[in-house]
Amino acid sequence: MSKPVLATTSLAGCFGCHMSLLDIDDRILDLIELVEFNKSPIDDIKTFTKQCDIGLIEGGCCNSENVHVLKDFRKHCNILISLGECAIMGGLPAMRNGIPIKECLREAYLTGPSVTANTEHIIPNDPELPMMLDKVYPCQEIVKIDYYLPGCPPRADLIWETLVALIKGTEINLPYEVIKFD
Amino acid sequence: MKTSISNIIDRYGNDPVRLMDILLDIQDEIGYIPEEINQKIADQVGISKAELVETVSFYHFFSDKPLGKYTVYLNNSVTAEMMGREKVKQTFEEEAGVTFGNVSSDGLIGLFDTSCIGMCDQEPAAIINGVVFNNLTPFRVKEIVNSMREGEAITEMFKQNYGDGNNSSELVKAVVSNNLRRKGPVIWDPYTPGEGLQKAVSMDPSQLIEEIKNSNLRGRGGAGFPTGLKWEFCTKAKETERYIFCNADEGEPGTFKDRVILTELPKMVFEGMAIAAYAVGAKQGVLYVRYEYKYLKKHLENALEELRKERLLGKNIAGKKGFDFDIRIQYGAGAYVCGEESALIESAEGKRGEPRDRPPFPVDKGYLGKPTIVNNVETLAKVTKILKNGSEWFNTLGTKESTGTKLMSISGDCRYPGVYEIEWGHSIYDILEMVGAEDVQAVQVGGPSGTLIGPNQLPRSLGYEDLGTGGALIIFSESRDLLKEVVMNYTEFFIEESCGSCSTCRNMPVLLRDKLQKILDGHGVVQDIDDLLEWSKTLKISRCGLGHTAANPIVTSILNFRHLYEKRVLRDREFETGFNLADSVRESCEAAGRTANI
Ligand SMILES: Cc1cc2nc3c(=O)[nH]c(=O)nc-3n(C[C@H](O)[C@H](O)[C@H](O)COP(=O)(O)O)c2cc1C
Ligand code: SF4
Ligand code: SF4
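Here the residue numbers are simple positions, counted from 1 along each chain's written sequence. Here chains are named by letter from A upward and ligands by number from 1 upward, in the order in which they appear as written. Local features in this predicted model are restricted to residues whose pLDDT is 70 or higher, and side-chain atom pairs enter the listing and the counts only when it is 80 or higher, whereas totals over whole chains, interfaces and linings include all residues. Hydrogens and waters are ignored; side-chain quantities use all the structure's heavy atoms.

Listed as interface residues are 18 residues of chain B and, on the opposing side, 23 residues of chain A. When the two sides are added together, the surface that chain B and chain A hide from each other amounts to roughly 1,800 Å², 64% of it contributed by carbon and sulfur. Of all residues in chain B, the largest losses of buried area upon contact with chain A belong to B:Phe575, B:Phe579 and B:Arg594, amounting jointly to 33% of the total for that side. Whenever a carboxyl oxygen of Asp or Glu lies within 4 Å of a side-chain nitrogen of Lys or Arg, that contact is scored as a salt bridge. The residue B:Glu590 makes a salt bridge to A:Lys102 at a minimum N-O spacing of 2.8 Å. Two N or O atoms form a polar contact when they lie within 3.5 Å of each other; inside protein one atom must be a possible hydrogen donor and the other a possible acceptor, and for residues adjacent in sequence the pair counts only when both atoms belong to side chains. Summed over the shared surface of chain B and chain A, the result is 5 residue pairs in polar contact (both at pLDDT 80 or more). Split by residue class, the side of chain B that touches chain A holds 9 nonpolar, 5 polar and 4 charged. Any two residues having at least one pair of non-hydrogen atoms within 4.5 Å are treated as being in contact. Using a 1.4 Å probe, buried area is obtained as the accessible area two parts lose upon being combined, added over both of them. For this classification, the nonpolar set comprises Ala, Val, Leu, Ile, Met, Phe, Trp, Tyr, Cys and Pro, the charged set comprises Asp, Glu, Lys and Arg, and every other residue, Gly included, is treated as polar.

Next comes the structure, spelled out in structure tokens:
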């Protein structure tokens, strides 16, 4: 039987959730045995080459590219998991949600105290660039998400236990320490 | 200007506890509370500037910017919407040349929304420079704005007679109507000030509490806590410096009966406070009144003054040696949550109206950390009558568990909106007949924090056995879109009024609102309805009743009108996003000057 296929991506996140995935320590060797990676920063495959079993999404959606990637993941993954606070709630990037996007862009590129090099006074407008969304959206507002792993980042043990449970079809072991946050 | 501000602060003995009064007076004097004077106020009352800003920034009617020579606060409650608020609002905007939330460029007119102002039986209504204007129409709005342009004084803009009863008295002069439709046997039984109090002082305090307990009187503010028991708890508190608070915050949309009591029978309420004071040995009382009823200030102060002259307040009250008690009036500044008893106390201490963790309850640690009784206006008025006529008499009215009467505030789709005093035990059906309501689709019992019930529940009866209520009934006819017009409005109300302390209450109603909007926009699925019910449960861990009930409009409408939701959701799929990429990138593309390529 071929190994289950795993894909991962970081949208509007800090890569901390991926770091946490690496934090499973030597179990990373077991993971390699357990699954095959497809599109993921872990193996640097840039586009899907096949249908995957599990997709892990770090980060919410702050621009049009995030939306396209997320929809692509939904299409190619049978099970989609929101990994961490940013994917589930928008997280730190969503701090901007209370401020109109126009104001954010103006401050970032035109009027902010650290703006010194933008001598042409433009807000980046190259058609190649992704377009900013009016606010940062959690993933479940854009596509259907099957599971949520809370935490910032979710603990390595939680990620590991989840993957093992899904792959082996066993009950997940969720001790309090793994999902408590205070 | 500087001297006048220190004078104002002086007036209140430089006491930080009186910060609300100080800020209200400054706002009256200057029209707003300029940031530049924050440090000065803070220094003079001896608190930090941060503490001062905490208070100033909390209340809806305090502003750090000028709000216009004429400041219009137009009520945005459901009944206002039902009675034509949208056209009134539009006319204000067109005539004043400014949109809501702003002040016209010449500084003449500021237009703002405000939550329910306690006039649901005479909507649309607005408060303009502290004065209530009711039954507004586009025609009236044009006249009012014209008068503003001509610089008329606000009280000269009335084009109608003053309201009935004391509304037209010299000290009130308001166009507000009592709409008192039914005088019941308790509140409107003939009243001579002092009769209740005389009876009270002829007993000893423990006998008096026994009498209240025997009456089975329960709090009329909504929660229905037994009044005698509350008083008894207070007498058991260790500290002997104790306070009596009367809760006249009346912020629950759809409730306006306390306004009518305070207009017609303020002494009955003050007398009830004095009786409570005698029961627990309090020397000082506070009537906490919502800002929206500021027009009653002189009238209420006058009632206190007369009671002092009649020796029913002050020293050796009602001829009882050593029974000293007096009352001060504390105005709020626009915050529904201040009706919650511990928030009310915080506010009366000059702080943000944030509810406290309970326990300790106010009867143990309330105002200034001392044992405090908080009772509703109507509860205290009833206390006076129970003393006068006896607990046995009170028990003959109403039902076994719900003795006496209830003042109902009735509004919405009916011929005779207003205030009715009825005995407990009537069915909703009876009441609808009484007020002339036809084609009833739904009734909101108890305001937004209560329950939305449908026609099959009209036989249910009013009383603690079944539908306990603070007394608001809002009626919706078949023509109303319950989800869009009612549930949405109520949910927005809770979002606006949350004090923001608890993450649940700060966030969940927003998420619920957005989900409801998604359903209204035609992007809902069945799962969304279930999510609404499931997510609402998290609100139960909030600190106060506001959070606990913030999802009630959504939850009770799903339980009783699920078909209205089902009708709007897509049944052929499991998931549907409400997200639209083109819409969400529009603004940023505009800012960058690029065309969106979706
Ligand atoms: C958000 C909130 C608002 C409230 N508003 C009022 C109010 O406006 N008037 C009132 O009497 N009670 C109000 N209450 C109830 C009070 O906390 C308290 O129970 C009541 O004043 C006690 O008086 P009673 O026992 O005489 O009813 C409110 C409670 C909450 C949680
Ligand atoms: S949840 Fe925390 S760790 Fe993960 S992407 Fe967001 S900020 Fe980084
Ligand atoms: S429940 Fe809401 S209103 Fe009550 S304390 Fe918490 S945040 Fe404030």
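Let's shift gears to the site of ligand 1. Residues and elements named next belong to chain B. Distances are taken per atom, and a residue is near a molecule or strand as soon as one of its heavy atoms is within 4 Å of it. Taken together, 18 residues surround ligand 1, and among them Gly 221, Glu 250, Asn 375, Asn 376 and Thr 379 come closest. Between ligand 1 and Glu 250, the relevant distance is 2.9 Å, taken from an oxygen atom to a main-chain nitrogen or oxygen of the residue. Interatomic distance of 2.7 Å between a side-chain N/O atom of Asn 376 and an oxygen atom of ligand 1. Computed with a 1.4 Å probe, the accessible areas rest on the Shrake-Rupley method; for each residue, only the protein chains presented here act as cover. Here ligand 1 loses 89% of its free accessible area of 600 Å² to cover by the protein chains. Where helices and strands are cited, they refer to DSSP runs of H or I of at least four residues and of E of at least two residues respectively, numbered from the N terminus. Sort the elements by how many residues they give to the shell around ligand 1 and strand β10 (residues 372-376) lands first, with 3 residues. Its residues placed into classes, the shell around ligand 1 shows 3 nonpolar, 9 polar and 6 charged.

Bringing the confidence of the model for chain B into the picture now. For chain B, per-residue confidence averages 96 on the pLDDT scale, and 99% of positions sit at 70 or higher. Quick note on the complex model: pTM equals 0.93, ipTM equals 0.93. For every residue, the pLDDT score states the predictor's confidence, bounded by 0 at the bottom and 100 at the top.

Residues and elements named next belong to chain B. With mixed pairing, 6 strands are arranged side by side in an open sheet as β6-β12-β11-β15-β13-β14. Strands with a single pairing partner mark the edges of an open sheet, and in this sheet they are β6 (180-182) and β14 (451-453). For this sheet, the mean angle separating the axes of adjacent strands, direction not counted, is 25 degrees. Strand direction decides the pairing type here: strand β11 (residues 405-412) and strand β15 (residues 472-477), joined by 4 bridges, are parallel. In this analysis, strands are considered paired if DSSP registers two or more bridges between them. Axes here refer to lines fitted to C-alpha atoms; in helices the fit is confined to the stretch in contact. Angles between the N-to-C directions go from 0 to 180 degrees.

Glancing now at the pairing of strand β9 (residues 326-331) of chain B. Residue and element names in this part refer to chain B. A 1.4 Å probe rolled over the protein chains alone gives each residue an accessible area, and that area as a share of the maximum for its type sets the label: buried under 20%, exposed over 50%, partly exposed in between. Among the 6 residues of β9, 5 are classified as buried, and the element is accordingly described as predominantly covered. Bridge count for strand β8 (residues 284-289) against β9 is 6 bridges, and the pairing is parallel. Across the sheet, Tyr 288 pairs through a bridge with Gln 330, a residue of β9.

Take the site of ligand 2 next. Residue and element names in this part refer to chain A. Lining the immediate environment of ligand 2, one finds Gly 13, Cys 14, Gly 16, Cys 17, Glu 58, Gly 84, Glu 85, Cys 86, Gly 151, Cys 152 and Pro 153. At the level of elements, α1 (16-22) and α4 (85-89) are the ones that each hand at least two residues to the shell around ligand 2. A class-by-class count of the residues in the shell around ligand 2 yields 5 nonpolar, 4 polar and 2 charged.

This brings us to a negative patch on the surface. Residue and element names in this part refer to chain A. The patches described consist of residues with a relative accessible area above 30% and no salt bridge, like charges being joined within 9 Å and nonpolar side chains (Val, Leu, Ile, Met, Phe, Trp, Tyr) within 5 Å. Only four residue types enter the charge count, namely Lys and Arg as positive and Asp and Glu as negative; His and the chain termini do not. Charged groups are reduced to one reference atom each: NZ for lysine, CZ for arginine, CG for aspartic acid, CD for glutamic acid. A surface patch of negative charge is lined by Asp 23, Asp 25, Asp 26, Asp 30 and Glu 33. Following the sequence through the fold, Glu 33 ends up in helix α2 (residues 27-34). Judged by relative accessible area, which is 61%, Glu 33 ranks as exposed.

Once that is clear, we can look at the side chain of A:Thr9. Residues and elements named next belong to chain A. Turning to its location among the elements, Thr 9 is positioned in strand β1 (residues 5-10). According to the relative accessible area criterion, Thr 9 is buried, its value standing at 9%. Non-local contacts of Thr 9, meaning those with residues more than four positions away in its chain, are made with His 18, Pro 41, Leu 56, Ile 57, Glu 58, Val 69 and Phe 73.

Turning our attention to the domain arrangement of chain B. Once the domains are mapped, chain B shows domain 1 (2-58), domain 2 (70-160), domain 3 (182-395), domain 4 (405-480) and domain 5 (483-566). Here the C-alpha centre of domain 5 of chain B lies 37 Å away from the C-alpha centre of domain 1 of chain B. Domain start and end points were adopted from an automatic or database domain assignment.

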